[in-house]
Amino acid sequence: MSLSSLFSSFFPVVHADAPEEKEVKEEQPAEEESQEEPQEEAEEEEEPEDPLPALQEECAETAKCAPLAKHFQHCEEKVNAGQGYKGEDCVEEFLMHCVNGCVAPKLFSKLK
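From a predicted model like this one, the values you see are computed outputs, not experimental measurements.

With respect to the pattern of salt bridges
- Per the counting criterion, the structure on display carries two salt bridges.
- Between K106 and E58 there is a salt bridge, and its shortest N-O distance comes to 3.3 Å. Residue K106 is located in helix α5 (residues 96-110), and its partner E58 is located in helix α3 (residues 52-60); the two are separated by 48 residues in the primary sequence.
- For K106, a relative accessible area of 30% gives the class partly exposed.

Some points on a nonpolar patch on the surface
- On the surface, L3, L6, F10 and F11 cluster together to form a nonpolar patch covering roughly 460 Å² of accessible area.
- For F11, the location among the structural elements is in the loop between α1 (3-10) and α2 (30-45).
- We classify F11 as exposed; its relative accessible area is 52%.

Concerning the nonpolar core
- By size, the foremost hydrophobic cluster in this structure holds six residues: L55, C59, V99, C102, V103 and L107.
- Those elements that provide at least two residues to this core are α3 and α5.
- The biggest single contributor to this core is α5, with four residues.
- In this structure L107 touches P51, L52 and L55, once residues within four positions along its chain are discounted.

Thoughts on the packing of α3 against α5
- Two elements in contact, α3 and α5, have axes separated by 9 Å at closest approach and are oriented at 130°. Accordingly, the angle class assigned to the pair α3 and α5 is oblique. Remark: the crossing between α3 and α5 carries right-handed chirality. Here L52, L55, Q56, E58, C59 and A60 of α3 come into contact with α5, specifically with M96, V99, N100, C102, V103, K106, L107 and K110.
- When the residues that make up the contact of α3 with α5 are grouped by side-chain class, the tally is nine nonpolar, two polar and three charged.

Topic: the state of the cysteines
- On inspection of all chains with the given rule, the structure shows three disulfides.
- A sulfur-sulfur distance of 1.9 Å marks the disulfide that ties C65 to C98. Disulfide C65-C98: the torsion about the S-S bond is -90°, which places it as left-handed. Taken together, the positions of C65 in the loop between α3 and α4 (66-80) and C98 in helix α5 put the pair 33 residues apart, joining distant regions of the chain.

Procedures and definitions
- Residues numbered from 1 in each chain as written.
- Predicted model: local features only at pLDDT ≥ 70, side-chain atom pairs only at ≥ 80, totals over all residues.
- Heavy atoms only, no water.
- Salt bridge = Lys/Arg side-chain N within 4 Å of Asp/Glu carboxyl O.
- Helix = DSSP H or I, 4+ residues; strand = E, 2+ residues; numbered from the N terminus.
- Buried < 20%, exposed > 50% of the residue type's maximum accessible area, 1.4 Å probe, protein only.
- Patch = residues over 30% accessible without salt bridge, like charges linked within 9 Å, V, L, I, M, F, W, Y side chains within 5 Å.
- Areas by Shrake-Rupley, 256 points an atom, 1.4 Å probe, with all protein chains shown as cover.
- Core = buried A, V, L, I, M, F, W, Y, C linked by side-chain atoms within 4.5 Å.
- Contact = heavy atoms within 4.5 Å.
- Axes fitted to C-alpha atoms, helices over the stretch in contact; angles between N-to-C directions.
- Parallel < 35°, antiparallel > 145°, perpendicular 65-115°, else oblique.
- Left-handed = near helix turned anticlockwise from the far one by under 90°.
- Nonpolar A, V, L, I, M, F, W, Y, C, P; charged D, E, K, R; others polar.
- Disulfide = S-S within 2.5 Å.

Listed below in structure tokens is the structure:
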């Protein structure tokens, strides 16, 4: 007994050139198929509203994040007016860490 025959006795052998087995499918009446299609389309169209933008806006206005938002806006205005130093980009003032820390627990409680 060869090694390959030993393995083939335990595991089924699949050949790439083997003809595919086609499943026999029972035909459904045309009425049932037409009723299922509109239901599927209606399910695809309904997408829940994303709560993230509203929560981000709400958290940006909290007492903890509002001063950071004002500082960030001031920095952006200064840089856009050309008054900042060369290469300034306001990254250190970016308030997303504050907003994300506030949004995360609220967002996951609203998700299914």
